Structures are given as C-alpha cells and as structure tokens.
Amino acid sequence: MAKPLLPELHPNAVALTAFRALPDGSGRAYTISEAPSRAHAIKFSLRRAWAVGYVRPSTHTPCDCYAVLDVLDANDEIVQDFCVPSAAAFRWWYRTLDLRAIAEPVCTGTDSR
Ligand SMILES: [Zn+2]
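What this report covers is the structure whose coordinates are included nearby. Source: prediction; values computed, not measured.

**Concerning helix H2 (residues 87-97)**
Step number 1: For H2, the full list of buried residues reads Ala-89, Phe-90, Trp-93 and Leu-97. Relative to the axis of H2, the buried residues are bounded by an arc of 100 degrees and lie together on one face. Exposed residues pointing more than 90 degrees away from the buried face of H2 are listed as Ala-87, Ala-88 and Arg-95.
Step number 2: Buried residues belonging to H2 abut strand S1 (15-21), strand S3 (33-34), strand S5 (67-72) and strand S6 (78-84).
Step number 3: Of the residues flanking the end of H2, it is Asp-98, one or two places downstream, whose phi is positive at about 55 degrees.

See the structure below:
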C-alpha cells in the first residue's frame, strides 16, 4: 500500500502541539513548541517523520491513531492537523518538540474573533 503524501503545510504555520485522547475518555494536551525558524523547521520535521512513518494525513478513516499533531498559527489557533499513528511515533515527536504534558485539562476557549 502506497504511503499517502502529507498535504502542504498551512502557510500560517508557526508552531506545533499535540493532543492525545486517553483510554478513560479524557484528553491530554501538551505544551506548544514554537519552531525558531517557524514554517521551515516544521516542514523539515514533518518530512523526516513522514519518511519513517511517524506522521500521516489526518484524512484517513477509521482513525485509531495514538495522538494528533496540531499546527498553530501566530495566534495559537489550530490551522491544520496531522495524525501520529503510534506510541513510538509520539515519543519521537515528544523528544523532537520537547513537549511536556499540561497537567490541568485545558480549556482552549472560544474563538476570540
Ligand atoms: Zn489517524
């Protein structure tokens, strides 16, 4: 089966974060990783991850992926997402992005526009 290509990175992408749905039905949010060189660094990480199967397009169904990678713009709005298929893949992203779990359940609030 051919590996589906990732869609182009959203033009406003400046940062990444992750979200995991936990078995008990709750979710776990992670800190935001803002790439120093922004979109360029994000594209580079996505390309590397795609090459080894650590990220896939979020368009597939059914989705039983381990975590979701959210792409944020400069206002911390989610503009795109990708799937992180496995625990091993998530560990790679966790290390690469230096993610930390946010202890409290996070309310992201409503759209402020
Ligand atoms: Zn998925």
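Next comes the rest of the description.
**Looking at the nonpolar core**
Step number 1: Of all hydrophobic cores here, the largest spans 21 residues; its most connected members are Val-55, Leu-69, Val-84 and Trp-93.
Step number 2: Elements supplying a minimum of two residues to this core: S1, helix H1 (39-51), S5, S6 and H2.
Step number 3: The residues contacting Val-55, other than those within four sequence positions of it, are Leu-6, Leu-46, Ala-49, Trp-50, Leu-69, Phe-82, Cys-83 and Val-84.

**Observations regarding the environment of Phe-90**
Step number 1: Within the secondary structure, Phe-90 is located in helix H2.
Step number 2: Phe-90 sits 35 residues away from Val-55 along the chain, and the two C-alpha atoms are 9.0 Å apart.
Step number 3: Discounting residues that sit within four places of it in the chain, Phe-90 has contacts with Tyr-66, Ala-67 and Val-84.

**Quick look at the pairing of S5**
Step number 1: Extensive coverage of S5 is indicated by the burial of 5 of its 6 residues.
Step number 2: Looking at chain direction, S1 and S5 are connected through 5 bridges and run antiparallel. Directly across from Phe-19, in S5, lies its bridge partner Val-68.
Step number 3: Bridge analysis of S5 against S6 gives 6 bridges, and the strand direction is antiparallel. Along S6, the bridge assignment pairs Val-68 with Cys-83.
Step number 4: The antiparallel hairpin formed by S5 and S6 contains 5 residues in its connecting segment, where Asp-76 sits at a positive phi of about 60 degrees.

**Let's talk about H1**
Step number 1: Taking 1.5 Å as the rise per residue, H1 with 13 residues should run 18 Å; its terminal C-alpha atoms sit 18 Å apart, in good agreement.
Step number 2: Among the residues of H1, Ile-42, Ser-45 and Ala-49 are the ones counted as buried. Angular distribution of buried residues about the axis of H1 spans 65 degrees; they occupy a single face of the element. Turned more than 90 degrees away from the buried face of H1 sit His-40, Phe-44, Arg-47 and Ala-51, all of them exposed.
Step number 3: Packing partners of the buried residues in H1 comprise S1 and H2.
Step number 4: Directly beyond the C-terminal end of H1, a positive phi value near 80 degrees is found at Gly-53.

Thresholds applied
- Residues numbered from 1 in each chain as written.
- Predicted model: local features only at pLDDT ≥ 70, side-chain atom pairs only at ≥ 80, totals over all residues.
- Buried ≥ 20, exposed ≤ 12 C-beta atoms within 10 Å, placed from the backbone.
- Helix = DSSP H or I, 4+ residues; strand = E, 2+ residues; numbered from the N terminus.
- Arc of directions from axis to C-beta.
- Contact = placed C-beta atoms within 7 Å.
- Core = buried A, V, L, I, M, F, W, Y, C linked by C-beta atoms within 7 Å.
- Pairing = 2+ DSSP bridges.
- Expected span 1.5 Å × (residues − 1).

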